[in-house]
Amino acid sequence: MTNNTNHMNTIQHPTFGQLKRAFLESGFEIRRFPRQELEGLALDAPEHSKRHADSNIMGLIMPDEGVIGITAELSADDQVETLVHELIHLYDEELPEDSVEDMTEEVMLTLTPAQHGFLRFLVS
Ligand SMILES: [Zn+2]
């Protein structure tokens, strides 16, 4: 059977509900940090903390503190996107960084206004 479908480029990303559940079950708290402080925390963070290939660190998961750090200087929309990125890491810790990047874009496209509003509330 050939893979001749319209869904060849569709990425299997987690749903909003799955990300929300992963967040609630983690018990993590979302905190905003000035960019410089977050970069410092990333340098100090243990090996298993989630860091990102991009040198401009926008978000960081700190498992020991139970904190998801988000760069405070980002626009509200970029904070939401950063949070989605971190929640995908939480949802599946084994995912490679570029898959998380792709999935973040896909999830952002699927968000309803209410879901987007919920995430905005979380980072406010
Ligand atoms: Zn990442």
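Up top is the structure.
Definitions and cut-offs
- Residues numbered from 1 in each chain as written.
- Predicted model: local features only at pLDDT ≥ 70, side-chain atom pairs only at ≥ 80, totals over all residues.
- Heavy atoms only, no water.
- Salt bridge = Lys/Arg side-chain N within 4 Å of Asp/Glu carboxyl O.
- Helix = DSSP H or I, 4+ residues; strand = E, 2+ residues; numbered from the N terminus.
- Buried < 20%, exposed > 50% of the residue type's maximum accessible area, 1.4 Å probe, protein only.
- Core = buried A, V, L, I, M, F, W, Y, C linked by side-chain atoms within 4.5 Å.
- Contact = heavy atoms within 4.5 Å.
- Pairing = 2+ DSSP bridges.
- Axes fitted to C-alpha atoms, helices over the stretch in contact; angles between N-to-C directions.
- Parallel < 35°, antiparallel > 145°, perpendicular 65-115°, else oblique.
- Nonpolar A, V, L, I, M, F, W, Y, C, P; charged D, E, K, R; others polar.

Now for the pattern of salt bridges. Working definition: two side chains of opposite charge can pair if their charged atoms are close together. Inspection of the entire model under this criterion finds 2 salt bridges. We note a salt bridge from Asp77 to Arg120, for which the minimum N-O separation is 3.4 Å. Here Asp77, found in helix H3 (residues 76–91), pairs with Arg120, found in helix H5 (residues 113–122); they are 43 residues apart in sequence, far enough to count as distant. Under the relative-accessibility criterion, Asp77 is labelled partly exposed at 41%.

So, about the nonpolar core. If you look at the biggest cluster of nonpolar residues, it comprises 22 residues, and the most contacted ones within it are Ile30, Ile68, Leu83, Leu87, Ile88 and Leu119. Within the residue set of this core, elements represented by two or more residues are helix H1 (16–26), strand S3 (67–71), H3, helix H4 (97–110) and H5. At 6 residues, H3 tops the list of elements feeding residues into this core. Sequence-distant contacts of Leu87, that is, excluding residues within four places in its chain, are made with Leu19, Phe23, Ile68 and Leu119. Core analysis: the next-biggest nonpolar cluster, separate from the first, contains 7 residues, Phe33, Ile57, Met62 and Val67 among them.

Here we come to the sheet that holds strand S1 (residues 29–33). Adjacent strands of a sheet form backbone hydrogen bonds with each other and so pair up, either parallel or antiparallel. Taken in spatial order, the 3 strands of this open sheet run S1-S3-S2, and their pairing is mixed. Edge positions in the sheet fall to S1 and strand S2 (59–62), since each of these pairs with one other strand and no more. Between one strand and the next, the sheet's axes are offset by a mean angle of 25°, whatever the strand orientation. Relative to S3, S2 is paired through 4 bridges, and the arrangement is antiparallel. Following the sheet pairing, Leu60 is matched in S3 by Gly69. Packing against the sheet, H3 makes contact with S1, S2 and S3, and its axis sits at approximately 150° to S3.

A pair of packed helices is characterised by two quantities: the angle between their axes and the separation of those axes. Viewed as axis vectors pointing N to C, H3 and H5 meet at an angle of 90°, and their least axial separation amounts to 9 Å. Taken together, the axes of H3 and H5 are roughly perpendicular relative to one another. Residues Ala76, Asp77, Val80, Leu83, Val84 and Leu87 of H3 form the contact with H5, whose participating residues are His116, Leu119, Arg120 and Leu122. Looking at side-chain class alone, the contact of H3 with H5 contains 7 nonpolar, 1 polar and 2 charged residues.

This part is about the environment of Gly59. Looking at the secondary structure, you find Gly59 in strand S2. Judged by its relative accessible area of 0%, Gly59 is buried. A C-alpha to C-alpha distance of 9.3 Å links Gly59 and Phe33, two positions 26 residues apart in sequence.

Read these as geometric descriptors, not functional statements.
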